[in-house]
Amino acid sequence: MAVLVDFDGERLDVVAAEGLTAAHAAQIRQAVYDGRLLRFPDPAWRCAYLGAGEEKACFAVRDADGRMFVLEVIDERTYLNGRFVGGVYFGDHRVPGLAGVPKSARAAVGLRFTGLVKARQWVHGHEWARFLWRPDRRSRLDALLTAYLRLVLGARYDRYRRRYSDVHERNVMFEVRPARARGVPVLARDLSGRVRLVRVGLQPIDLR
């Protein structure tokens, strides 16, 4: 399913990558961090910041052909093997330009990348904390949709909580899927403003 994604004000179509090639690996191994986003030798590659925790920062990356994947940039000093449960990992990379680089140059403590980067599948969706009626802003409909989806998908979320030790509102996603896929039917706007019928399921992104 093609999706519009905002990259620093530039809205581009993306599809989830199904795998990475040797050419992707070569680009990833030459990545550098500018204090906010990852940069690559190929100027056609785009990056969007997804978030960070105690052990890694995650970035969505769009290649020159519009295929999207995620890079988890690890701090191995604190890494506890938080996993993308049920999803696909494409491989690990050692990136010299990211070794010893702090996520925030102004922070005395916190994430310091060690050069290990894990590439994985990209998931289109929203955190369990809040499903968004439209992806570019908050809406009064968010609370209604979130409550509805939590009601229907709550049993599955509880199963994750029983099995894993650290399930919370930010590491389980409402995954937005095509209308013909399995999941809960929901009407939602995309980034272009179009109202679409989609299906919503759950996807854990960082469980231990």
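Remember, predicted model here, so these are calculated numbers, not experimental data.

(A) Examining the overall build of the protein chain more closely. Along its length, the protein chain carries two helices and 13 strands. The globule rule puts the C-alpha radius of gyration for 208 residues at 17 Å, and the 17 Å found for the protein chain is close to it. Here the C-alpha coordinates of the protein chain stretch approximately 45 × 35 × 30 Å along the principal axes. Across the 208 residues in the protein chain, those meeting the buried criterion constitute 45%. A separation of at least 24 residues holds for 61% of the contacts in the protein chain among residues at least 6 apart in sequence. If you sum the accessible surface of the protein chain, you get close to 11,100 Å²; carbon and sulfur atoms cover 50% of it.

(B) Fine view of the environment of Gly-97. Along the chain, the position of Gly-97 falls in strand β8 (residues 89–102). Taking the C-alpha atoms as reference points, Gly-97 and Leu-197, separated by 100 residues in sequence, lie 42 Å from one another.

(C) Structural view of unusual backbone geometry. Positive phi, close to 55 degrees, is recorded for Asp-8, a residue that is not glycine. Tracing the backbone shows Asp-8 in the loop between β1 (3–7) and β2 (10–16). A positive phi angle, close to 65 degrees, is found at Asn-81, a residue other than glycine. Among the secondary structure elements, Asn-81 is positioned in the loop between β7 (67–74) and β8.

(D) Summary view of the state of the cysteines. Taken as a whole and assessed by the stated rule, the structure comprises zero disulfides. The thiol of Cys-47 is unpaired, and the distance to the nearest cysteine sulfur, on Cys-58, comes to 11 Å. Residue classification places Cys-58 among the buried residues on the basis of a relative accessible area of 13%.

(E) The side chain of Asp-75, seen in detail. In this structure, Asp-75 sits in the loop between β7 and β8. Residue classification places Asp-75 among the buried positions, given a relative accessible area of 0%. Among residues more than four places away in sequence, those in contact with Asp-75 are Glu-55, Gly-110, Leu-111, Arg-112 and Thr-114.

(F) Region of the structure containing the packing of aromatic side chains. This model, assessed by the stated rule, comprises nine aromatic pairs. Aromatic pair Trp-128 and Tyr-157: ring centres 4.2 Å apart, planes at 0 degrees, arrangement stacked. With a gap of 29 residues between them, Trp-128 in the loop between β10 (125–127) and α2 (141–163) and Tyr-157 in helix α2 connect regions that are remote in the sequence. Overall, the relative accessible area of 5% leaves Trp-128 in the buried class. Feature note: the residues Tyr-33, Tyr-49, Phe-59 and Phe-113 constitute an aromatic cluster, connected by ring pairs. Between Arg-83 and the ring centre of Tyr-89, over which it is positioned, the NZ or CZ distance is 4.2 Å. Here Arg-120 stacks its cationic end above the ring of Phe-84, 4.4 Å away from the centre of that ring.

(G) The arrangement of α2 in detail. The terminal C-alpha atoms of α2 lie 31 Å apart, and with 23 residues this matches the ideal 33 Å at 1.5 Å per residue to within 8%. The principal kink in α2, of about 65 degrees, is found at Leu-153. All of the buried residues in α2 are Asp-142, Leu-145, Thr-146, Leu-149, Leu-153, Gly-154, Tyr-157 and Tyr-160. Buried-residue contacts for α2 involve β11 (172–177), β12 (184–189) and β13 (195–204).

The rules behind these values
Residues numbered from 1 in each chain as written. Predicted model: local features only at pLDDT ≥ 70, side-chain atom pairs only at ≥ 80, totals over all residues. Heavy atoms only, no water. Helix = DSSP H or I, 4+ residues; strand = E, 2+ residues; numbered from the N terminus. Rg over C-alpha atoms; globule rule 2.2 N^0.38 Å. Buried < 20%, exposed > 50% of the residue type's maximum accessible area, 1.4 Å probe, protein only. Contact = heavy atoms within 4.5 Å. Areas by Shrake-Rupley, 256 points an atom, 1.4 Å probe, with all protein chains shown as cover. Disulfide = S-S within 2.5 Å. Phe/Tyr/Trp six-rings, centres within 6.5 Å; stacked < 30°, edge-to-face > 60°. Lys NZ or Arg CZ within 6 Å of the ring centre and 35° of its normal. Expected span 1.5 Å × (residues − 1). Bend = angle between axes of the 7 residues up to and from the residue.

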